[in-house]
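Residue strings, one per chain:
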Amino acid sequence: MDAGNTAWVLISTALVFIMTPAVGFFYGGMLGKKNVLSILGQCIIIIGMVTLIWVTVGFTLAFGGFGNALIGNFDWVMLNGVGIEPLAPYDLTSIPGILFMMFQGMFAIIAVALIIGGVAERMRLKALIIFLFIWTLLVYIPVAHWVWGGGWIAQLGALDFAGGTVVHITAGVSVLAAVIILGKRVSLSNGGTEQPHNIPFVVLGGALLWIGWFGFNGGSALAADGIAANAFVVTMVAAATAAVVWGLVNWLHLGRPGVLGMISGAIAGLVAITPACGYVNVTGAILIGMGAGVFCYGGILIKRRFSYDDALDVFGVHGIGGTWGAIATGLFATGTLASTSKGLLYGGGFALLGAQIIAVMAVYAFAFGVTFLALYAMKKVMAIRVSKEEERIGADIIQHGENAYS
Amino acid sequence: MKKIEAIIRPEKLGVVKHALEEIGLHAMTTYDVQGRGEQKGLEFTHRVGKFRVDMLPKIKIEIVLDDAKLEDAVNVICSMARTGEVGDGKIFIIPVERVVKVRTGEIEP
């Protein structure tokens, strides 16, 4: 057991946990005032549900059976065999197995929570819970195994240090499929727009996400070492760059830099650095942050031309940001940090970049397909949307019987 | 001079505003309001019984305009704000005695 590594991963686990309530405020502030409680409530529901899935079967299906191409096994059901001693083969940094389990569990929780921003204001709570249960088991857990459990993407040589593909691409792409099935909100039916009801909440949630991300990325080293320090620093640099670039693009485009935009830019930068943070240096981080600001801003502009209603731009920020980060890892990996694979611009040729692109395309197809089929099937047997009247009154009263502001 | 007080569904504000602009009516005041009609709000059924939301969110638009434009304005609001379902709202038309412009003190016709 390594005391220093254990201490850092304990703290990081708590930091990643705080990202889920933070997402509640980040998203809740962007919604109308009649739907803010529903998002905060859904975050609590997800924390409860995914924790229980994770300790019963989730962890063993994602991380058991190391080297299985597609899915783990049931060796560690109910965490049988996962204890206070380091857990092979995840014991390289000598942290307790049960701590490794919980650190990874926090990632599952935040990944699931990202989805609710896309389907907000119109999905029935019961249908949402069933869908998120299915999604955790059939989308998140398999992809986590492919990338981190020694599955086929890991064997391919693709890199994803802290979950750009596993967390952000899966959530972002799944939202795209979900909103196609769900349709638009009533408030947008005549070309109307929904105004954010509390931008200070968005900044508060975004700031907490930013803090949490130091644990998300820095903790993914699973050690208190130089790789963790590098991840921490490039996380800060990419987020700062993306916030500035988003603000500048916004300033040039519309004449004024919006506060909502700048904090969204920071989140886009955090998303994009996530897969790369164990492999790139500060130069790479600045370029990744610049790309995140420009591509995510552009992606959200392009979205307005399509008729789908991704309420809080989960695809625009997490889908596009995660995709850029995965590809940027193939461009900027130095080969001197957590992996010896070099990116295209560091003399590694197309090997790593190619693996990254294959991994991204496979996860796109898988997450989109499974989500689409799951919701399509659910729509056949149950109501997945609230009625128009319920939507006009708002999810807080209709689904929870409470008002956020009286 | 007349004043229109129109209660409409919140999501219809954008199209109503746009249509009023098209017939030359630019000035207006809007409020978020809560209210109910003859049905006393809406009743919903859930697993453990029924619950009622007795005040529903609406938007109120106030427009002061010349009598000559009144019929056009009423027609525009009706046609743009209508869904055909209960809860589309109401329009009240009220005579206005005087309109005074604060900046100049002038009494508008």
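Caption draft 1: Expanded view of the overall build of chain B. Looking only at helices and strands, chain B features two helices and eight strands. Counting from the amino terminus, chain B carries its helices and strands in the arrangement β-α-β-β-β-β-α-β-β-β. Relative to a compact globule of 109 residues, whose C-alpha radius of gyration would be 13 Å, chain B shows 17 Å and is clearly more extended. Dimensions of chain B, computed from C-alpha atoms along their principal axes, come out at roughly 60 × 25 × 20 Å. Counting across all 109 residues of chain B, residues that qualify as buried make up 18%. Sequence separation of 24 or more characterises 71% of the internal contacts of chain B that already satisfy a separation of 6 or more.

Caption draft 2: Here's a closer look at the interface of chain A and chain B. Each side of the interface is counted separately: chain A has 12 residues, and chain B has 10 residues. Counting residues per element, the side of chain A that touches chain B draws most heavily on helix 13 (residues 388–393) of chain A, which supplies three residues. Among the residues forming the side of chain A that touches chain B, the class breakdown is four nonpolar, five polar and three charged.

Caption draft 3: The arrangement of helix 4 (residues 125–148) of chain A in detail. Within helix 4 of chain A, the axis deviates most sharply at Trp135 of chain A, by approximately 40°. Count one or two residues on from helix 4 of chain A and you reach Gly150 of chain A, which has phi positive near 75°.

Caption draft 4: Structural view of the packing of helix 10 (residues 282–303) of chain A against helix 11 (residues 314–332) of chain A. Residues and elements named next belong to chain A. The N-to-C vectors of helix 10 and helix 11 enclose an angle of 145°; their axes lie 9 Å apart at closest approach. The hand of the helix 10/helix 11 crossing is right-handed. Side by side, helix 10 and helix 11 meet where Gly284, Leu287, Ile288, Gly291, Ala292, Phe295, Cys296, Gly299, Ile300 and Lys303 of the first sit next to Gly316, Val317, Ile320, Gly321, Trp324, Gly325, Ala328 and Phe332 of the second. Classifying every residue of the contact of helix 10 with helix 11 gives 11 nonpolar, six polar and one charged.

How each quantity is defined
Residues numbered from 1 in each chain as written. Chains lettered and ligands numbered in written order. Predicted model: local features only at pLDDT ≥ 70, side-chain atom pairs only at ≥ 80, totals over all residues. Helix = DSSP H or I, 4+ residues; strand = E, 2+ residues; numbered from the N terminus. Rg over C-alpha atoms; globule rule 2.2 N^0.38 Å. Buried ≥ 20, exposed ≤ 12 C-beta atoms within 10 Å, placed from the backbone. Contact = placed C-beta atoms within 7 Å. Nonpolar A, V, L, I, M, F, W, Y, C, P; charged D, E, K, R; others polar. Bend = angle between axes of the 7 residues up to and from the residue. Axes fitted to C-alpha atoms, helices over the stretch in contact; angles between N-to-C directions. Left-handed = near helix turned anticlockwise from the far one by under 90°.

Honestly, that's just the spatial picture; any functional story needs more than this.
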